[in-house]
Amino acid sequence: MYRSLLIAGTALAALTGPALAQSGEVKSAGEEATTSVRDFEVPAEAPTMDFSPHVETWRVGILGGENEADRLREYGCLAEHVEKQFNVDVELFPASDYAGVMQGLISDNLETAGLGSSGYAGIHLQDPEAVDPLVTNEQVDGSRGYYSVMLVRADSGIESLDDMAGKSLAFADPNSTSGYLVPNYELNRAGYATEGPDAFFGETAFSGGHEQGVVAVVNGQYDAAVTWVSGVGDKSKGYSRGNLRSMWEKGALDMSDLRLIWQSNLITNGPVVVREDLPETVKETYQDFLLWLSYNDRECYANIADGEANGYVPVTHDFYEPIINMRRATMESRRG
């Protein structure tokens, strides 16, 4: 049977690692996210292989963002599939923050995890040979991207981003793409400084996760928070997938209580990665398994994808170069 353990997050994580890749032009985070990849085949049957000669335990990292019990429940079906198909015990590691999963992969204490684009970029900048991306999600509209949004209480009187002058904003996690990297980058470029003597906002802080940030706004602890949404589907239900959709499905959120006042450019969907040093046959088989799972066990896929999506599609490192360049530029600006 699979087990669940807790990874303790670290404060510094990959943000303090050396920028090992060459610098490049920072482009839109979603420049590569608008075209669907369809030149692949989904296995007709669930792939099987004996992983036990290669790994003692298949350790799966789970990003923070919602409470631990919900994350373990959602990933339970994945663990059951892996144990059945690959003859290996599974351990689920719901990290307390994004850095916990990132460091677990870099230190070879995890075999796989689903990451945000910024988390993948942070790992790559610290250790380019740590992980390989396998698949990413395709949205219901055929795109491979999503959005960061800023939300406020519907009764707050805040109607637009300009109304946030001097008010408090909660980011999700320093290693979150939609919960920090992209909104921080785009807001600053648009003239809404998030820190320093010319800061537009009265206060910015990290809430500890996407769900925590939304709850903090609903409870009046912050004026606004940023989180992620697919941007397609029924808005009253939190769109087709994303943090708001997950909270709505659990009955933890009424979308009529919120107002969205800002939306980012399209962001590349994050990858499911595996340790780079695993045998190629293991990596290829696990990629085929993920493709099979997303099209053949739709309930399980929806659980781990935070809502409705078409399924997984193969992805390579090149897809994330815009985000890697953005994260590098952000790191360099903070050092400067």
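Residues numbered from 1 in each chain as written. Predicted model: local features only at pLDDT ≥ 70, side-chain atom pairs only at ≥ 80, totals over all residues. Heavy atoms only, no water.

Engineer: What am I meant to see in the pattern of salt bridges here?
Structural biologist: A pair can form between side chains of opposite charge whenever their charged atoms are brought close. Considering all chains together, one arrives at 14 salt bridges under this definition. In this structure, the salt-bridge partner of Arg275 is Asp108, at a minimum N-O distance of 3.8 Å. Residue Arg275 is found in strand 12 (residues 271-275), and its partner Asp108 is found in the loop between helix 2 (98-106) and strand 4 (112-114); the two are separated by 167 residues along the sequence. As a salt-bridge pair, Asp155 and Arg153 come within 2.9 Å of each other at their nearest N and O atoms. Assessed through its relative accessible area of 30%, Arg153 is described here as partly exposed. Several salt bridges share partner residues, and in doing so they unite Arg59, Asp108, Glu111, Arg275 and Asp277 into one network. (Salt bridge = Lys/Arg side-chain N within 4 Å of Asp/Glu carboxyl O. Helix = DSSP H or I, 4+ residues; strand = E, 2+ residues; numbered from the N terminus. Buried < 20%, exposed > 50% of the residue type's maximum accessible area, 1.4 Å probe, protein only.)

Engineer: When you look at the nonpolar core in this model, what are you seeing that I'm missing?
Structural biologist: Buried together is how nonpolar side chains tend to be arranged in soluble globular proteins. Ranked by internal contacts, the top residues of the largest apolar core, which has 36 residues, are Trp58, Val82, Tyr286 and Phe289. Val82 has contacts with Trp58, Asn87, Val88, Val90, Tyr286 and Phe289, leaving out every residue within four places of it along the chain. (Core = buried A, V, L, I, M, F, W, Y, C linked by side-chain atoms within 4.5 Å. Contact = heavy atoms within 4.5 Å.)

Engineer: What is the right way to read the state of the cysteines from this model?
Structural biologist: Here a disulfide denotes a covalent bond joining the sulfur atom of one cysteine to the sulfur atom of another. Under the defined criterion, the tally for this structure stands at 1 disulfide. Here Cys77 connects covalently by a disulfide to Cys300, the sulfurs 2.1 Å from one another. Between Cys77 and Cys300, the S-S torsion sits near 85°, and that sign places the bridge as right-handed. Here Cys77 is found in helix 1 (residues 68-86), whereas its partner Cys300 is found in helix 8 (residues 298-305), with 223 residues between them in sequence. This pair shows no difference in class: Cys77 is buried, exactly as Cys300 is. (Disulfide = S-S within 2.5 Å.)

Engineer: Teacher, can you tell me more about unusual backbone geometry here?
Structural biologist: For residues other than glycine, phi is negative in most cases, and the peptide bonds are mostly trans. A positive phi angle is found at Asn87, which is not glycine, with a value near 50°. Turning to its location among the elements, Asn87 is positioned in the loop between helix 1 and strand 3 (89-94). Classification of Asn87 by relative accessible area gives partly exposed; the value is 49%.

Engineer: Where do I start with the packing of helix 7 (residues 280-296) against helix 8 in this structure?
Structural biologist: As a packed pair, helix 7 and helix 8 sit with axes 6 Å apart at the nearest point and diverge in direction by 110°. As judged from the angle between their axes, helix 7 and helix 8 are roughly perpendicular. When helix 7 is examined against helix 8, the residues Leu293, Ser294, Tyr295 and Asn296 are found in contact with a partner set consisting of Arg298, Cys300, Tyr301 and Ile304. Residue classes in the contact of helix 7 with helix 8 are distributed as 5 nonpolar, 2 polar and 1 charged. (Axes fitted to C-alpha atoms, helices over the stretch in contact; angles between N-to-C directions. Parallel < 35°, antiparallel > 145°, perpendicular 65-115°, else oblique. Nonpolar A, V, L, I, M, F, W, Y, C, P; charged D, E, K, R; others polar.)

Engineer: Help me understand the pairing of strand 12, please; the structure alone is not making it clear to me.
Structural biologist: Among the 5 residues of strand 12, 5 are classified as buried, and the element is accordingly described as predominantly covered. As paired strands, strand 4 and strand 12 are joined by 3 bridges and run antiparallel to one another. When the sheet's bridge partners are listed, Thr112 is paired in strand 12 with Val274. Pairing of strand 5 (residues 131-138) with strand 12 involves 5 bridges; the strand directions are antiparallel. Pairing of Val131 across the sheet is with Arg275, part of strand 12. (Pairing = 2+ DSSP bridges.)

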